[in-house]
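As a plain string of letters, each chain reads:
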Amino acid sequence: MTTEPLKAAKAAARAVGLLDDAARRGLLRAVAAALRAEAPAILAANAADVEALPADNAFRDRLSLTPARVEAMAAGAEAVAALPDNLWRVLEERSMPSGIHLRRVRVPLGVVACIYEARPNVTVDVACLCLRTGNVAVLKGGKEAARTNAALGDLLARVLREAGAPEAAVTLLPPTHEAADALMAAEGLVDVLIPRGSARLIHAVREKARVPVIETGAGVCHVYVHDDADIALAARVIDNAKTRRVSVCNALDCLLVHRALADRLDDLLAPCRAKGVGIHEAPEDWGHEWLSMNLSVRLVDGLDAALAHIARYGSGHSEAIVTRSPEAAERFRREVDAACVYVNTPTAFTDGGEFGLGAEIGISTQKLHARGPMGLDALTTYKWLIDSQGAIRP
């Protein structure tokens, strides 16, 4: 693949960054309307993608669209459009004895690229978040969703064209390894690259990229049930964290249970077992991201052991404790090193929409620039604005 599409995206970044708030909101509302109008064509393209996958392929759930999921994409675009504008917001301001006046303000990142696998909703979510924040989006989806992404890419291009905005504001690259390699090597053309998908994909991007990367997605999530937990509440939390949608990164992978509750294990797991979840108790399964109807289970001697297990096997994504003890809850909050830490709440809530961000470009498991669900603020940087009346530095 040539770098021409990336050069066009870079050239479009200045114009997109200068769009006013009303224009950016209007683009997202137009995207929502187009999604609803063209839902039958999108669903037909998606059905062809799903049909091409083997029946046991783990990507099928992530890939599949339904009328409800297309509507959710449209509603998500409208929700992002409705969020307050964050560009040029003054983050801090002060005057110095030297006579200079300082303001630190939010500005777009520029060109935001995303490499992802089988979730076509990412195409729309990333495009909308980028446009809302005055950024250009460069998208490289997987071959599994090629037809669906092509349909969505055409839709986005039409919306931009009809609004008089640069079509390169949303650039869909071919679903090839060559395109991924070109993107990872695009120094000077891409301001940040965000991989979304499996641990294998994220590791590959981290190893190969010569552009700045924000790691997202790979989640090895735990729920620890303390010895004083309400068993019925814990069973609900475990069930929702595991079975709400098994193929997403916030799904529960390993259940840790205080050894004093060993005789209540069947009660804790009953809702999951009723839905067909397979239980795994072998040590070699600890630290495994299942993305399927499977769950690792380990009895631990207490909170210290649970914290040690999470420190060793967790991925820094989402962790939960079920307890009646305020002291145990506070220790868990303070000592677990993860982007999202829950008390008596399932990890399924780690989501940009659930956090009031409208949507998310990913869930960052690192600590620099952004952490957890990444919404509008995570897609901005800042610049310093300095004014004076001819101040001179001695």
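A quick note: this is a predicted structure, and the numbers were derived from the prediction, not measured. (Residues numbered from 1 in each chain as written. Predicted model: local features only at pLDDT ≥ 70, side-chain atom pairs only at ≥ 80, totals over all residues. Heavy atoms only, no water.)

(A) Layout of a nonpolar patch on the surface. Side chains of Tyr 382, Trp 384 and Ile 386 sit close together on the surface and give an oily, nonpolar patch of about 320 Å² of accessible area. Among the secondary structure elements, Tyr 382 is positioned in strand E15 (residues 380–387). (Patch = residues over 30% accessible without salt bridge, like charges linked within 9 Å, V, L, I, M, F, W, Y side chains within 5 Å. Areas by Shrake-Rupley, 256 points an atom, 1.4 Å probe, with all protein chains shown as cover. Salt bridge = Lys/Arg side-chain N within 4 Å of Asp/Glu carboxyl O. Helix = DSSP H or I, 4+ residues; strand = E, 2+ residues; numbered from the N terminus.)

(B) A look at the packing of helix H5 (residues 67–82) against helix H6 (residues 121–132). As a packed pair, H5 and H6 sit with axes 10 Å apart at the nearest point and diverge in direction by 15 degrees. Viewed along their axes, H5 and H6 adopt a mutual orientation that is roughly parallel. Judged by the twist between their axes, the crossing of H5 over H6 is right-handed. Facing Met 73, Ala 77, Val 80 and Ala 81 of H5, the residues of H6 in contact are Asn 121, Val 124, Cys 128, Leu 129 and Arg 132. Class assignment of the residues belonging to the contact of H5 with H6 gives a composition of seven nonpolar, one polar and one charged. (Axes fitted to C-alpha atoms, helices over the stretch in contact; angles between N-to-C directions. Parallel < 35°, antiparallel > 145°, perpendicular 65-115°, else oblique. Left-handed = near helix turned anticlockwise from the far one by under 90°. Contact = heavy atoms within 4.5 Å. Nonpolar A, V, L, I, M, F, W, Y, C, P; charged D, E, K, R; others polar.)

(C) Highlighting helix H7 (residues 146–163). Helix length check: H7 (18 residues) gives 26 Å between terminal C-alpha atoms against 26 Å at 1.5 Å per residue, within 8%. Looking at H7, one finds that the buried residues are Thr 148, Asn 149, Leu 152, Gly 153, Leu 155, Leu 156, Ala 157, Val 159 and Leu 160. Of the surrounding elements, those touching the buried residues of H7 are helix H2 (21–37), helix H3 (39–52), H5, strand E3 (111–116), H6 and strand E5 (170–172). Residue Gly 164 follows H7 closely and has a positive phi angle near 80 degrees. (Expected span 1.5 Å × (residues − 1). Buried < 20%, exposed > 50% of the residue type's maximum accessible area, 1.4 Å probe, protein only.)

(D) Focus on the sheet that holds strand E4 (residues 136–140). Read from one edge to the other, the open sheet built from four strands follows the order E5-E4-E3-E6, with strand pairing classed as parallel. Looking along the sheet, the strands with just one partner apiece sit at the ends: E5 and strand E6 (192–196). Shown here is a sheet whose adjacent strand axes are inclined to one another by a mean of 20 degrees, direction ignored. Here E3 pairs with E4 via five bridges, running parallel. Considered in E4, the bridge of Ala 113 is made with Val 138. Packing of H7 onto the sheet brings it into contact with E3 and E5, and relative to E5 it is tilted by some 155 degrees. (Pairing = 2+ DSSP bridges.)

(E) Here's a closer look at the pairing of E6. Of all five residues making up E6, five are buried, and the element is well covered by its neighbours. Of the two faces of E6, the one holding Val 192, Ile 194 and Arg 196 and the one holding Leu 193 and Pro 195 are both buried throughout. With five bridges joining them, E3 and E6 adopt parallel strand pairing. Each bridged residue has a counterpart across the sheet, and for Tyr 116 the counterpart in E6 is Arg 196.

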